[in-house]
Amino acid sequence: MMERDTIAAIATGFIPSGIGIIRISGPQAIEIADGLLEGADLSNAPSHTIHYGMIRSNGELIDEVLVALMRSSRSYTTEDTVEIDCHGSPLAMQKVLEAVCQSGARLAEPGEFTKRAFLNGRIDLTEAESVMDLIQAKTEYARKSSLQILRGSMKEKISTLRKTLLNRSAYIEAALDDPEHYDLSGFPELLRTDVLTVQDEIDRILETAENGRLLSEGIRTVILGKPNVGKSSLLNRLLGEERAIVTDIAGTTRDTLEEQVMLDGILLKIIDTAGIQNTEDPVEKIGVEKAFDCIPDADLVLFVVDASRPLSPEDQQISSLLKDKTVLILLNKSDLSAEVTKETLEKEISLTGLPIVSISSKTGDGFDQLKTTISDVFFHGNISFNDELVVTNVRQKESLRKTKESLSRVLESIDAGMPEDFYSVDLIDAYAELGRIIGEKVEEDLINEIFAEFCMGK
Amino acid sequence: MPFVEESYDVIVIGAGHAGCEAALATARLGLSTIIFTVSIDSIAMMPCNPNIGGTSKGHLVREVDALGGQMGINIDQTFIQSKMLNKSKGPAVHSLRAQADKAAYSMRMRETLQRTDNLTIRQAEVAEIMTENDKDGDGRHAKKRIVGVRTFSGAIYHAKAVILCSGVYLNARCLYGDTINETGPNGLQAATHLSQSLIDNEIELYRFKTGTPARIDRRSIDFSKLEKQSGDERICPFSFSTDPDEVQIDQVSCYLTYTNEETHRIIRENLDRSPMYSGVIEGTGPRYCPSIEDKVVHFPDKERHQIFVEPEGLHTNEMYLSGMSSSMPEDVQYQMYRTLPGFEHAVIVRNAYAIEYDCINPNQLKATLEFKDITGFFSAGQSNGSSGYEEAAAQGILAGINAAMLIKEEEPLVIDRSEGYLGVLVDDLVTKVTTEPYRMMTSRAEYRLLLRQDNADLRLSKYGYRVGLLSKERYDHVCEKERLIKKEIERIRTVTVGSSEQVSLCLSSLGSVPLTHGMSLAELIRRPELTYQSIAPLDPDRPILSDEVQEQVNIAVKYEGYIERQIKQVEEFKRLEKKKIPENFDYDTVPSLRIEARQKLKQFRPASIGQASRISGVSPADLTVLLVFMEANHGK
């Protein structure tokens, strides 16, 4: 049972400055790759050949690549398959994958290549069970990580846009179902304004994404600790650790500063770094009030303790504020003589069972352990998070584009003077597509909205 | 002790809108049928609103008609006003609604039942269903099978199939204020024994609630203060078999008035006396037809609510107050109705009341409306948790057809979501979790551009004919219509109009811009201001075609882009519907299914991957796992 559509995904994990492979499988695989590839002609190339060229999409040169061509049925999935070897940076892989999807491929569902391999008889029957396990595990993982990635203001913004679309659809539906109570005269013009506004908002979100900043907001992180435990040096070490993406974003208040740190593809958004710097001022007593204000919004608290000095009431005081938060305790200054060990720490502060990592911001010792621990805490460490970040990003952008398309069709219908019921299909499509970004289904939303907002009935 | 004992092929419990269609279907298909009712005088009674059809409900009536049912014909013969709703909107949401002469409607249906061969009408209360364990015990069939019913008087009736159409009569009670009557609607006897028998057969019951407004003596109303609402000038009949020229009658008027601040004040001040708010009513009520109390409470900002005043028939003084159902005590009812303009001296003929009743959890049914666990036992209508005459009739004919198919050992009839509102209705009932009486709505039909009231015959006649309810003559007529439509669409795609002065003149007169180059007739029709009918002067070679064919050609061409997109969606939908899951599939043998999905699948036992996908709590990954498993075991 051959599937009819063509799927694409990143086949490799993310290895910094290594090679990334984008795999395309399905009846259109060769045609799609051929359309993007400059410098080689795949259409008549024999199976199992490798070609050198450039990937270009919408006039933009994306990457220099090697392309492996496998014709049906001599491939993993038994379908026509193309593998594009590009540079291994997240950005390059994302751009290539996006280009492939814009040319007509669909992003593969988790485990879908293996599923196709199985359904097409490529994999033995006895392997079916492991295929099913893989699908469940990968789906669950993708769901968790994509929700983890998308947080805060972005989610809120998308929810607001969805609410507008749902409400307008519900009004149309209420008027269709109860024409004697709800009137649609003048409504198309109002709807046009709303749709244009939503489209503008989506454009703004897409622009942010295009500027190289990921759609994801990262893990909101607060660094806490009494003065002189080395918060500043920790931050500087994190910022300097990778040649990674570091941006300064002026926050909403003048003295709040945010830094973004990419740790092996995990995006940390460190909030109120201004507060961190200030607390190093010895005149200030505890001086972490500003950072404390950020605790409620934080996904992760890095609680820094000076390992070279005995614990003080200030450490106790900080720890008492961290109940119910995801906390990592960092025993800093591991290069100096250890006054505080993991054991004394467990005994003396009110937080138990938390991961504790010994680090030295000065030498960089323990930072690998720190990264692994964060990955474990947020992504269970079982599957590499990094490629998922990229895929999620591509998926979200695809959804935003499709939303825009649906909304454009609504505008076309309005302009063509179509009756109002023709708008509904596309409005609901747009609503559903936006829902995919934040992991929400449509289900009975429309019916519920109709009854909640409009007084119906005989 | 001796007792009466008889045998039939089919037993129908209840003679409301579901029961009538079910019994007519089985009897017309040649099966000996007996229909039970608590009162012969209440056959096809309309205890609430005095109309048939309305948005999306009108579609259902047309579909019942296309399958060979009676509702459309019956209302065509007894309506007193008719209106096509939503005419300014797209063809998919045009909906026919007719005011009925209630007494005539009921009497006419009774006559039809009485004239039908193989059909026996019996006034009696069915107290028990009789089942036996499935003899085969091979695990391929349901645990039990139905064998008949017992009435309250002790008589036993054997049958191969039983159809439950008990409406709102199971353990019914009517309430207003602190007055409670243990009866069905209009004081009719409630069925007080059958619920227990259903429970004994492991059928899960819900308790639902609905309500109706007061009826006012027309002589006490000052009509000069009301807005008059007239019917359509040209009446369109419901049934595809009715000649439109025969239904152009003199119509009666309906009227419109509004509630006001005073009405709302009285309601607010007496809320504690409403059983809805005092906690006496336990059942769940419908959100789509709230009582006036609910409207005032939930929409406090609305300054007024519309109230339609509709005659209940030609030979009664009663006027129905649509939009003002209530369970307020009698004295409050007088006060609040008298605040309406024109109703200052209103005299109540019947009080408004709420009614509570038992219904089954429809998730226990297959899409054929047969219980998954009891072979031969079907359920249709309000006893399935739906509401409305039309929803009931639609389920009734489907249950009747499938009871007949079971007995005749023919293929059951399942209408899917892409084929009819009937399919959407049944699929929603059997697949989704119901928490209130279910009403049909156009927004529930995801393929509604295809499911129009104007093409119900083109969609469903093939099924009516296949099962044997629709005559060959009617079916041939539909096939011929289909052929003519197709041929004409092909023709207008190829015929082009030039940019002559004559053409320009004609286009300007129709408010359309002149052509700069040649254009096909089809392209012209797609202009918003033009229709197939209006460009007739530009099309001298047009064949003579009936109005209904012309209408289909116009819609198909004008909305082609939208329709094609929906057809593509339907293809995708059908792909999953076609992947059948065996009836007794053991979900415990599938590894890797999440626990929640496993529980839901075991509870619903979906017939296809498509149906499984619509069960809340089953994820796409679960479906993939299921597909892989089924494929893996396919070759075994």
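Within each chain, residue numbers correspond to sequence positions counted from 1 in written order. Following the order in which they are written, the chains are lettered starting with A and the ligands numbered starting with 1. With the structure being a predicted model, the display of local features is reserved for residues of pLDDT at least 70 and the display and counting of side-chain atom pairs for 80 or more, all residues being used for whole-chain, interface and lining totals. Side-chain figures throughout are based on the complete set of non-hydrogen atoms in the structure, without hydrogens or water.

## Considerations on the overall build of chain A
Here's step 1: If you tally the helices and strands in chain A, you get 15 helices and 14 strands.
Here's step 2: Classification of residues uses two cut-offs on accessible area relative to the type maximum, computed with a 1.4 Å probe and protein chains only: under 20% is buried, over 50% is exposed, and between them is partly exposed. For chain A, buried positions account for 54% of its 458 residues.
Here's step 3: Relative to all contacts within chain A whose residues are 6 or more apart in sequence, the contacts with residues 24 or more apart total 69%.
Here's step 4: Under the convention used here, a 1.4 Å probe and the Shrake-Rupley method define accessible areas, while residue burial counts only the protein chains that appear. Summed over all atoms, the accessible surface of chain A reaches about 19,600 Å², with 50% contributed by carbon and sulfur. Counting from the N terminus, the helices are the DSSP runs of H or I reaching at least four residues and the strands are the DSSP runs of E reaching at least two. Any two residues whose heavy atoms approach within 4.5 Å at even a single point are treated as in contact.

## With respect to the sheet that holds strand E4 (residues 49-57) of chain A
Residues and elements named next belong to chain A.
Here's step 1: Two strands qualify as a pair provided DSSP detects at least 2 bridges between them. Within the open sheet, the seven strands sit side by side as E3-E4-E5-E6-E2-E1-E7. Their pairing is mixed. One side of each edge strand has no neighbouring strand; the edge strands of this open sheet are strand E3 (37-38) and strand E7 (106-107).
Here's step 2: Sheet strands in contact with helix H3 (residues 112-119) are strand E1 (7-10), strand E2 (19-25) and E7, and its direction is about 130 degrees off that of E1. Lines fitted to C-alpha atoms define the axes, with helix axes restricted to the stretch in contact, and inter-axis angles between N-to-C directions lie between 0 and 180 degrees.

## Notes on the domain arrangement of chain B
Residue and element names in this part refer to chain B.
Here's step 1: On domain assignment, one finds that chain B holds domain 1 (5-207 + 358-467), domain 2 (215-356), domain 3 (485-562) and domain 4 (579-634).
Here's step 2: The start and end points of each domain follow an automatic or database-based domain assignment. With centres defined by C-alpha atoms, the gap from domain 1 to domain 2 works out at 26 Å.
Here's step 3: Counting from both sides, the interface comprises 53 residues of domain 1 and, opposite them, 50 residues of domain 2.
Here's step 4: The term buried area refers to how much accessible surface (probe radius 1.4 Å) is lost by two components on association, counted for both of them together. Across the interface of domain 1 and domain 2, roughly 4,000 Å² is buried in total on both sides, 55% from carbon and sulfur atoms.
Here's step 5: Sorting the residues of domain 1 by area buried against domain 2 places Ile80, Leu175 and Tyr176 first, and these three jointly supply 16% of that buried surface.
Here's step 6: By convention in these notes, a salt bridge is any Lys or Arg side-chain nitrogen within 4 Å of a carboxyl oxygen on Asp or Glu. Linking domain 1 with domain 2 are five salt bridges, by the criterion used here.

## So, the side chain of Asn363 of chain B
All names here are of chain B.
Here's step 1: You can see Asn363 is positioned in the loop between strand E21 (353-360) and strand E22 (374-375).
Here's step 2: Residue classification places Asn363 among the buried residues on the basis of a relative accessible area of 4%.
Here's step 3: With sequence-adjacent residues up to four places away left out, Asn363 is seen in contact with Lys372, Leu429, Val430, Thr431, Lys432, Val433, Gln603 and Phe604.

## Notes on the nonpolar core
Here's step 1: Core analysis: the biggest nonpolar cluster contains 114 residues, and Ile11, Ile13, Ile52, Val149, Ile163, Leu198 and Phe377 of chain B have the highest contact counts within it.
Here's step 2: No other element matches helix H10 (residues 389-407) of chain B, which puts 12 residues into this core.
Here's step 3: Here this core gathers at least three residues from each of two domains, domain 1 (5-207 + 358-467) and domain 2 (215-356) of chain B.
Here's step 4: Setting aside its immediate chain neighbours within four residues, Ile13 of chain B contacts Phe36, Val126, Ile129, Val149, Val162, Ile163, Leu164, Cys165, Ser166 and Leu194 of chain B.
Here's step 5: Nine residue types can take part in a nonpolar core, namely buried Ala, Val, Leu, Ile, Met, Phe, Trp, Tyr and Cys, and a core is a set of them joined through side-chain atoms within 4.5 Å. Membership of the second largest hydrophobic core comes to 44 residues, among which are Leu191, Ala430 and Leu446 of chain A together with Cys289 of chain B.

## Thoughts on helix H3 (residues 71-78) of chain B
Here's step 1: Summarising burial for H3 of chain B: seven of the eight residues are buried, a large majority.
Here's step 2: For H3 of chain B, every residue scored as buried is listed here: Met71, Gly72, Ile73, Asn74, Ile75, Asp76 and Thr78 of chain B.

## Remarks on the packing of helix H6 (residues 261-269) of chain B against helix H9 (residues 330-337) of chain B
Any two packed helices are characterised by how steeply their axes cross, that is the angle between the axes, and by the distance between the axes.
Residues and elements named next belong to chain B.
Here's step 1: Where H6 meets H9, the closest approach of the two axes is 9 Å, and the angle between their N-to-C directions is 165 degrees. On the basis of their axis angle, the class for H6 and H9 is roughly antiparallel. Handedness of the crossing formed by H6 with H9: right-handed. Touching Thr263, Ile266 and Ile267 of H6 are Val332, Gln335 and Met336, all from H9.
Here's step 2: Any residue outside Ala, Val, Leu, Ile, Met, Phe, Trp, Tyr, Cys, Pro, Asp, Glu, Lys and Arg is labelled polar, Gly included; the first ten of those are nonpolar and the last four are charged. Partitioned by chemical class, the residues of the contact of H6 with H9 number four nonpolar, two polar and no charged. Note on terminology: angles under 35 degrees are roughly parallel, angles over 145 are roughly antiparallel, angles of 65 to 115 are roughly perpendicular, and the others are oblique. We call a crossing left-handed when the near helix sits turned anticlockwise from the far one by less than a right angle, and right-handed when that turn is clockwise.

## Focus: the packing of aromatic side chains
Residue and element names in this part refer to chain A.
Here's step 1: Think of it this way: a Phe, Tyr or Trp ring, Trp meaning its six-membered ring, pairs with another when their centres are within 6.5 Å, and the plane angle makes it stacked under 30 degrees, edge-to-face over 60, tilted otherwise. Counted by the stated rule, this structure contains 16 aromatic pairs over all chains.
Here's step 2: For the pair Tyr182 and Phe454, a centre-to-centre distance of 5.5 Å together with 75 degrees between the ring planes defines the contact as edge-to-face. Here the residue Tyr182 occupies a position in the loop between helix H5 (152-177) and helix H6 (187-210), and Phe454 occupies one in the segment after helix H15 (445-453), the gap between them amounting to 272 residues.
Here's step 3: For Phe454, a relative accessible area of 10% gives the class buried.
Here's step 4: An aromatic cluster is present here, built from Tyr171, Tyr182, Phe187 and Phe454 joined pairwise through their rings.
Here's step 5: Counting as a charge over the ring demands two things of the Lys NZ or Arg CZ atom: a distance within 6 Å of the ring centre and an angle within 35 degrees of the ring normal. Directly above the aromatic system of Phe113 lies the positively charged group of Arg23, at a separation of 5.3 Å from the ring centroid.

## Topic: the interface of chain A and chain B
Here's step 1: At the junction of the two partners, chain A supplies 51 residues and chain B supplies 60 residues.
Here's step 2: Put simply, chain A and chain B have five salt bridges between them.
Here's step 3: Any pair of N or O atoms that falls within 3.5 Å is considered a polar contact. Within protein, one atom must be able to donate a hydrogen and the other to accept it, and sequence-neighbouring residues count only if both atoms are side-chain atoms. On the surface where chain A and chain B come into contact, there are 12 residue pairs in polar contact (both at pLDDT 80 or more).
Here's step 4: Elements supplying a minimum of two residues to the side of chain A that touches chain B: H3, helix H4 (128-149), H5, helix H13 (385-415), helix H14 (421-437) and H15 of chain A.
Here's step 5: In terms of residue count, H4 of chain A provides more of the side of chain A that touches chain B than any other element does, eight residues in total.
Here's step 6: Along the lines of polarity and charge, the residues of the side of chain A that touches chain B split into 26 nonpolar, seven polar and 18 charged.

## Considerations on the state of the cysteines
Here's step 1: The criterion for a disulfide is a pair of cysteine sulfur atoms lying within 2.5 Å. If you walk through the whole model with that rule in mind, you get zero disulfides over all chains.
Here's step 2: The cysteine Cys86 of chain A is free of any disulfide, with Cys101 of chain A supplying the nearest cysteine sulfur at 13 Å.
Here's step 3: Take Cys174 of chain B: it sits in no disulfide, and the sulfur closest to it among the cysteines is that of Cys48 of chain B, at 11 Å.

## Considering the sheet that holds strand E13 (residues 179-181) of chain B
Residue and element names in this part refer to chain B.
Here's step 1: Spatial ordering of the open sheet is given by E13-E12-E21-E14, a layout of four strands whose pairing is antiparallel. Strand pairing shows two members of the sheet lacking a second neighbour, E13 and strand E14 (205-212), which therefore form its edges. Between one strand and the next, the sheet's axes are offset by a mean angle of 25 degrees, whatever the strand orientation.
Here's step 2: Sheet analysis places strand E12 (residues 173-176) next to E21, joined by three bridges and oriented antiparallel. Bridging across to E21, Cys174 finds its partner in Ile355.

## Topic: the pattern of salt bridges
Residue and element names in this part refer to chain A.
Here's step 1: The final tally for this structure, using the stated rule, is 77 salt bridges over all chains.
Here's step 2: Residue Glu398 pairs with Arg401 through a salt bridge whose shortest N-O separation is 3.5 Å. Taken together, the positions of Glu398 and Arg401, both in helix H13 and three residues apart, correspond to about one turn of that helix.
Here's step 3: Here Arg401 falls in the partly exposed class, since its relative accessible area comes to 22%.

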